[in-house]
Amino acid sequence: MFKRSKVFIVICLMFSLILTGCKGSNSTTETGKANNGDKENTATPTETAKEADPVTLKWVIMSPGEQKDDQEVWNKFNEELQKYLPGTTVKFEGITSTDYAEKWKLISASQENVDIVWHGWMIPYTTEVRKGSYMELDDLIAKNAPSLLKEIPENILDKSRVDGKLYSIPCMQQMVSYVSTLQFPVKIYEKYKDKIDVEKLAALFSSHQKMDQALWDELEKYIVMIKDGGDLKKGVFGFADHVEKGYEWILNPYKIDIYSEDYTPINLYRTPEYATFVKEYSDWYQKGYIRKDILTADNVSQDIYEVRGGANYLVGQGYLPTESEIKTSEAAGSTAYVKIPFDNSHYIPYTASATNMAISSNSKNPERAIQLLELLNTEKGKDLYNLLVYGIEGKHYKKINDHEIEPIGYTSQPTADSPYGQYNWAIGNIFNGYEIYMKDKPLTMQNDFIKKVNADAAPSKLKGFTLNTDPIKTELAQVNAVVGEYKTTLSSGAAPDADALYKDFVDKLIKAGDDKIVKEIQRQIDEWRASK
């Protein structure tokens, strides 16, 4: 028995040492670092997250402003997050769109320790990437968040690549180009609908690659019809952007012809289409189609116009507004418009998305940060996404059905006065979240429709291209200054001598360095194409 006891004790000691060794390889030290051979913790939410170190992530979001129940919801979010990423706590900082660019400069300059940051339209994306503000994500995603690659289409992720490398996650929403439109107020359409064939007009407009003289002449027929009927009132407004028909944006005001095979960049204001627009609008002003106080009146763009140009259109949504849109517009003292598109297809621009999530290069916990982004952009984290965007059920929204809710305190977009609510397009993937209920909801606000539009859109010819503006930044500043000096007057139609003013405009663009800019953009495009 004594001999057996000695053997048993030895075995127990050996087993204890083995257990101690195993535990030691993954233990947490007093400093909070995992003692795992100095290897980074790459635990995924579905594997060993329960053994991960306690981590606090700082997330800078673009928000409507400080709200009454912010902290209550964020506390609830952190409580629920433990089910997915145990040991992970998120500290949120909300910044409004008005303040975001300036505050981000301060955060970036001070090298503040933040983890997840929102990037949007008010901050030049490529410039920020080349400054080193954001981490490269390709390897980080492959090792820690592979579901992101399955959830977000490659052609959408490519929008966030610079020099072939990924630096942010686009917030999935409408990704396609807008289509310009001809718009009539509902009351005008009802009066003249026997003479306004929307389908015929849509077919005619889309059959022309560019905004040529024939289309301007067609528009004038309807202006004359309404004017002769005594209903023109404040007249015509908003057709300046229609000259972009057939062009894709590279860097404003530089475009590329969608239908051309030569990839030649051009300043939009030096195109034949813009010259025709200046001549046509001047003529319309002289004929009384455009209000005489166009350059001096307040809130010009907010007024109701009997013939209007617009750009917010998704092909396939239908031409006529719904009953809800009409009532909502009337309640706001505005009007709903019948919208007739100038194109019948969309493309996905190559440029960075308007709203993205990035990981700061100052992040101390990038693995956990990318795991959190994976949750909020994939179906497995949809409950977390809905909590963060819409708040607590019963207190901040009423559930209508499995996919629609009615917010409490706002009807469409949250404000600082709402009890709680974040912008769904600034947090993650809207297609995994609730939709806001609306009777007769327009197709443009329905996730399934938007997903189909995205899927059907053609890719950009410049997909994968990145423009480096450093060699031409002085010239770009000079050109934009000239545009600011002339654009408003030329686009109004009210210039006393439009031809002379336009000639002077072009001369100053050239002196500002326009030709040098075009040449440099062409060089970079040619170099990029040769490398493909």
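The following refers to the structure shown. (Residues numbered from 1 in each chain as written. Predicted model: local features only at pLDDT ≥ 70, side-chain atom pairs only at ≥ 80, totals over all residues. Heavy atoms only, no water.)

**Description of the nonpolar core**
Membership of the largest hydrophobic core comes to 75 residues, with the highest contact counts inside it found for Trp59, Phe77 and Leu372. Excluding residues that lie within four positions of it along the chain, Phe77 makes contacts with Val90, Phe92, Leu372, Leu376, Leu384, Leu387 and Leu388. Judged by nonpolar contacts, the second largest core, of 69 residues, contains Phe184, Ile223, Tyr269 and Val278. (Core = buried A, V, L, I, M, F, W, Y, C linked by side-chain atoms within 4.5 Å. Buried < 20%, exposed > 50% of the residue type's maximum accessible area, 1.4 Å probe, protein only. Contact = heavy atoms within 4.5 Å.)

**Here's the deal with the environment of Glu273**
When you line up the elements, Glu273 lands in helix 11 (residues 272-286). Owing to a relative accessible area of 12%, Glu273 belongs among the buried residues under this scheme. The sequence separation of Glu273 and Met211 amounts to 62 residues, and the corresponding C-alpha distance is 6.2 Å. Among residues more than four places away in sequence, those in contact with Glu273 are Lys210, Met211, Val243 and Tyr247. (Helix = DSSP H or I, 4+ residues; strand = E, 2+ residues; numbered from the N terminus.)

**Focus on helix 17 (residues 498-512)**
In a regular helix each residue adds 1.5 Å, so 15 residues correspond to 21 Å; helix 17 covers 21 Å between its end C-alpha atoms and thus fits that length. Those residues of helix 17 that are buried lie in contact with strand 13 (265-267), helix 11, helix 16 (473-492) and helix 18 (514-531). A positive backbone phi angle near 110 degrees is found at Gly513, which sits one or two residues after helix 17. (Expected span 1.5 Å × (residues − 1).)

**A few points about the side chain of Asn267**
You can see Asn267 is positioned in strand 13. You can call Asn267 buried: its relative accessible area is 1%. Polar side-chain contacts of Asn267 include one of 2.8 Å to the side chain of Asp514. When residues no more than four places from it in sequence are discounted, the contact partners of Asn267 are Pro253, Tyr254, Val479, Leu509 and Asp514. (Polar contact = N/O pair within 3.5 Å; in protein donor to acceptor, adjacent residues only side chain to side chain.)

**Some details on the pattern of salt bridges**
Considering all chains together, one arrives at 38 salt bridges under this definition. Lys279 is the partner of Glu280 in a salt bridge, and the nearest nitrogen-oxygen pair spans 3.8 Å. We classify Glu280 as buried; its relative accessible area is 4%. The residue Glu435 makes a salt bridge to Lys441 at a minimum N-O spacing of 2.9 Å. Residues Glu435 and Lys441 agree in their burial class; the two are buried. (Salt bridge = Lys/Arg side-chain N within 4 Å of Asp/Glu carboxyl O.)

**Quick look at the sheet that holds strand 11 (residues 247-251)**
Across the sheet, which stays open at both edges, the three strands sit in the order 11-12-13 with antiparallel pairing between neighbours. Each edge of the sheet is formed by a strand with only one pairing partner; in this case those strands are strand 11 and strand 13. Neighbour to neighbour, the strand axes of the sheet diverge by 40 degrees on average, direction disregarded. As paired elements, strand 11 and strand 12 (residues 254-257) share four bridges and run antiparallel to each other. In the sheet register, Tyr247 faces strand 12, and the bridge partner there is Asp257. (Pairing = 2+ DSSP bridges. Axes fitted to C-alpha atoms, helices over the stretch in contact; angles between N-to-C directions.)

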